[in-house]
Amino acid sequence: MKAQIILILLTAGLIIPCLSATSAWAIPAFARQYKTECKTCHTVFPERNEFGDAFEKNGFIWPGKVHTTPPTKATLSPAERQKAEAMYNSGLPEQLPVSLLAQHDVTYNSDAQPNFDLDAETELEIFAAGNFRNQVGFWAEYNFEPDKTTGEIYLQLQQPYNLPFNVKLGEFQPKLSIWKANDRPSLSKFGYNGMKVGNNDFTIAGEQGAVELNGVLGSRLFVAAGVTNGPDPKSANNGKDYYGHISVRIGGTDFLGKEPEVDLDHDSVWDYLTLTIGSFGYFGSNADGVNDFYRAGLESETLYKRLRVRVSGIYGRDDDPSGTGANVDSRFALAQVEYLIGSGLMPSMRFEFQDIDEEGITRRYIPGISYALLQNVRFAVEYLHETTPDETIRETTGRVTLVF
Amino acid sequence: MKKRILILLTLLLFAAGAEAKLVVIGSGNDTRFDPSGFPPEMQKAYKLMEVKCVKCHSLERAAIALQTGIAPITGGLFDRNATRAYGIKMLRKPDSNMTKQDVKIVVPLLNYMLGEVEH
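Residues numbered from 1 in each chain as written. Chains lettered and ligands numbered in written order. Predicted model: local features only at pLDDT ≥ 70, side-chain atom pairs only at ≥ 80, totals over all residues. Heavy atoms only, no water.

(A) Structural detail: the overall build of chain A. Scanning chain A for helices and strands turns up five helices and 16 strands. Here chain A holds 404 residues, and the buried ones make up 46% of them. Sequence-distant contacts in chain A: of pairs separated by 6 or more residues, those separated by 24 or more amount to 53%. Carbon and sulfur atoms provide 60% of the accessible area of chain A, an area that totals close to 19400 Å². (Helix = DSSP H or I, 4+ residues; strand = E, 2+ residues; numbered from the N terminus. Buried < 20%, exposed > 50% of the residue type's maximum accessible area, 1.4 Å probe, protein only. Contact = heavy atoms within 4.5 Å. Areas by Shrake-Rupley, 256 points an atom, 1.4 Å probe, with all protein chains shown as cover.)

(B) Seen up close, the overall build of chain B. Summing up its helical and strand segments, chain B has five helices and two strands in all. Start at the N end of chain B and walk to the C end: the helices and strands fall as α-β-β-α-α-α-α. Across the 119 residues in chain B, those meeting the buried criterion constitute 37%. Here the analysis covers contacts within chain B between residues at least 6 apart in sequence; of these, 53% occur between residues at least 24 apart. As displayed, chain B has an accessible area near 6900 Å², and 63% of this comes from carbon and sulfur atoms.

(C) Empty space enclosed by the protein, seen in detail. All names here are of chain A. Counting across every chain of the model gives six cavities of 30 Å³ or more. At the level of elements, α3 (50–57), β3 (136–143), β4 (149–157) and β6 (208–217) are the ones that each hand at least two residues to the lining of the largest cavity. For the lining of the largest cavity, the per-class residue count stands at ten nonpolar, seven polar and six charged. Its volume calculated, the second largest cavity comes out at about 130 Å³. Looking at the second largest cavity, it is lined by 15 residues, and the ones nearest its centre are Asp 53, Ile 178, Trp 179, Arg 249 and Glu 301. For the lining of the second largest cavity, the element with the most residues is α3, which contributes three residues. Residue composition of the lining of the second largest cavity, grouped by class: three nonpolar, three polar and nine charged. (1 Å grid on protein atoms, 1.4 Å probe; cavity = no way out; pocket = protein on both sides within 12 Å on 5 of 7 lines; lining within 4 Å. Points joined across faces, edges and corners; volume = space filled by probe spheres on them. Nonpolar A, V, L, I, M, F, W, Y, C, P; charged D, E, K, R; others polar.)

(D) Fine view of the environment of Glu 118 of chain B. Residues and elements named next belong to chain B. Its place among the elements puts Glu 118 in helix α5 (residues 100–118). C-alpha separation for the pair Glu 118 and Lys 104, spaced 14 residues apart in sequence, amounts to 22 Å. At 3.3 Å, the side chain of Glu 118 and the side chain of Arg 80 are in polar contact. (Polar contact = N/O pair within 3.5 Å; in protein donor to acceptor, adjacent residues only side chain to side chain.)

(E) Structural view of α3 of chain A. Residue and element names in this part refer to chain A. Among the eight residues in α3, eight count as buried, and that is most of the element. Of the positions making up α3, those classed as buried are Glu 50, Phe 51, Gly 52, Asp 53, Ala 54, Phe 55, Glu 56 and Lys 57. Measuring from the backbone nitrogen of Phe 51 back to the side-chain oxygen at the start of α3 gives 3.1 Å, which picks out Asn 49 as the cap. Note on α3: the residue one or two positions beyond its end, Gly 59, has a positive phi of about 65°.

(F) Structural context of the interface of chain A and chain B. The interface of chain A with chain B comprises 29 residues on the first partner and 18 residues on the second. When chain A packs against chain B, close to 1900 Å² is buried across both sides, 47% of that on carbon and sulfur atoms. When the area that chain A buries against chain B is broken down by residue, the three leading residues are Glu 259, Leu 264 and Tyr 272 of chain A, summing to 33%. Linking chain A with chain B are nine salt bridges, by the criterion used here. Close ionic contact of Arg 92 of chain B with Glu 259 of chain A constitutes a salt bridge, the shortest N to O distance being 3.0 Å. The tally of links from chain A across to chain B stands at twelve residue pairs in polar contact (both at pLDDT 80 or more). Of the residues in the side of chain A that touches chain B, the class split is eight nonpolar, eight polar and 13 charged. (Buried area = accessible area lost by both parts, 1.4 Å probe. Salt bridge = Lys/Arg side-chain N within 4 Å of Asp/Glu carboxyl O.)

(G) Representation of helix α4 (residues 80–92) of chain B. Its 13 residues give α4 of chain B an end-to-end C-alpha distance of 19 Å, which sits within 8% of 18 Å, the value for a rise of 1.5 Å per residue. Regarding α4 of chain B, the residues found buried are Ala 82, Thr 83, Gly 87, Ile 88, Lys 89, Leu 91 and Arg 92 of chain B. The elements touched by buried residues of α4 of chain B are α3 and β9 (273–286) of chain A together with α5 of chain B. N-cap assignment for α4 of chain B: the residue whose side-chain oxygen lies 3.2 Å from the backbone N of Asn 81 of chain B is Asp 79 of chain B. (Expected span 1.5 Å × (residues − 1).)

(H) Fine view of the nonpolar core. In terms of nonpolar packing, the biggest core is built from 34 residues, with Leu 176, Tyr 192 and Ile 204 of chain A touching the most fellow members. Among the elements of the structure, α3, β2 (116–132), β9 and β12 (328–339) of chain A are those that each provide at least two residues to this core. For this core, the element with the most residues is β12 of chain A, which contributes three residues. Among all residues touching Tyr 192 of chain A, those that are not within four sequence positions of it are Ser 177, Trp 179, Ile 204, Glu 299, Ser 312, Ile 314, Phe 332 and Leu 334 of chain A. Counting 22 residues, the second largest nonpolar core, distinct from the first, contains Met 49, Phe 78, Leu 109 and Leu 110 of chain B. (Core = buried A, V, L, I, M, F, W, Y, C linked by side-chain atoms within 4.5 Å.)

(I) Geometry of the side chain of Ser 186 of chain A. All names here are of chain A. Tracing the backbone through its elements, the reader meets Ser 186 in the loop between β5 (166–172) and α5 (191–194). Since its relative accessible area comes to 6%, Ser 186 is described here as buried. Within polar-contact distance, the side chain of Ser 186 engages the side chain of Arg 350 at 2.7 Å. Those residues in contact with Ser 186 that sit more than four places away from it in its chain are Gln 336, Ser 348, Arg 350 and Glu 382.

(J) Structural detail: the environment of Ala 84 of chain A. Along the chain, Ala 84 of chain A falls in helix α4 (residues 78–90). Separated by ten residues in sequence, Ala 84 of chain A and Glu 94 of chain A place their C-alpha atoms 7.9 Å apart.

(K) Structural context of the pairing of strand β10 (residues 291–304) of chain A. Residues and elements named next belong to chain A. A one-sided burial pattern is seen for β10, the buried positions being Asn 291, Phe 293, Arg 295, Gly 297, Glu 299, Glu 301 and Leu 303 and the unburied ones Asp 292, Tyr 294, Ala 296, Leu 298, Ser 300, Thr 302 and Tyr 304. Of the pairings in the sheet, the one linking β9 to β10 comprises 14 bridges and is antiparallel in character. Paired with Gly 284 across the strands is Phe 293, a residue of β10. Adjacent in sequence and paired antiparallel, β9 and β10 are bridged by four residues, among which Ala 287 carries a positive phi angle near 50°. Both β10 and strand β11 (residues 307–318) contribute to a ladder of twelve bridges, which runs antiparallel. Pairing of Arg 295 across the sheet is with Gly 316, part of β11. Here β10 folds back onto β11, and the loop between the two strands holds two residues, one of which, Lys 305, carries a positive phi near 50°. (Pairing = 2+ DSSP bridges.)

(L) Spatial organisation of the pairing of strand β7 (residues 221–228) of chain A. Residue and element names in this part refer to chain A. Along β7, the buried face is formed by Phe 222, Ala 224, Gly 226 and Thr 228; none of Leu 221, Val 223, Ala 225 and Val 227, which line the opposite face, is buried. Pairing of β6 with β7, which is carried by eight bridges, proceeds in the antiparallel orientation. Its bridge partner being in β7, Asn 214 is matched across the sheet by Ala 224. Linking β6 to β7, which pair antiparallel, is a turn of three residues; within it Gly 218 sits at a positive phi near 65°. Looking at chain direction, β7 and strand β8 (residues 241–250) are connected through eight bridges and run antiparallel. Along β8, the bridge assignment pairs Gly 226 with Tyr 243.

Right under this line is the structure:
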């Protein structure tokens, strides 16, 4: 505990001078680095918009921005220019690319004690992210909650040696779904991201030690393939898991962050319509090789002006996830609709259907609303109505989140 | 003598014409352009630009892009191709309140202002 407090103080000591050194107040690392708003990449954070998606795919390198010389401004004095050049040559970012996320939850559940809990969950997360000289993107996060510690930590080499693909390595969520686990306005993560079958530790959003090759082909096709150590790090299983992802975007901002051509004289439904379709497969083995399993998914996202509709379907099979010798099939379906009102109010509605052999069917109805008071301060309320074969859960969660 | 004064005045007029007409006033969120030297239709367009663009960002961003030819965030070229691309980008932003008609007015204004900087 004492070590954590010292770590927090040290972190604050490092960050505060960085904040005061610039006028870029109260905005996270990317926004500080590129001197732009959170809304450049997000609708209501942490959900990404099309450009944010391209930025993430591009290894946190601003699409199209390639500096072969130090990015010095014409207005800089010779001394300032020299300093900027030295920073560029060292490969270090000029500002410490660190951000903090803090959030607190309040819940109401008439079946729980206390039913109105003002202290449901508090979280502080630190993350560093950015790129080194537009060649290597990086991400590292640490959650101060005792049971969570590190999250994703990885590097992505952008087309090393002019190869047509990027190389991502570290501990990260394998690229399966077209949405990252935090790419949503709602509080609860998409159910499939945490769904486990029997004793199989695999979850779609679980971080794993992995190596992935990915890249954008043309500008509207994204492919990724990787190998991981498997979801259970304690397993003596020496085998590796494999996965692949392919997604295509029709209309809208492409995967390189480029806007579509729009005819200003004539209207077309494609002026504002974006359709993204993705598919993935994950093939793994755990329980010392006893349980071979796979997951296959098909997803789509339709964006029209302020309306976004997401649909996902995942099918899986485990040979023997619980050591009983029985095959287990699993099915998951999700549909979510959200609508942006003004610039920061986003109601959403999600329905989830989960069917795991031997465990039964679970249905979830999750209406919610998020409100970004400022671009980096968000309030959200979400109601969860979940029916499982054993119980019905009705819980309302309120959350305040700030990132800076 | 009259002839000399006339020649001098003519030279002064040419000199004024050769000067960049894009005048930027203020800085930061208070950045504005001085449209008094713009043709009437561009003055009208500027009134629209002031209303539409500042909904999301200060005019300083436009001033930097126009004066340096480099878009301040992307670092990309801010030329006549870019003005159209930015117009479309803003049109498609959900909360920008830009219409195609607005883009058709503001993009030529940006091109005109680019031309003024180039003079």
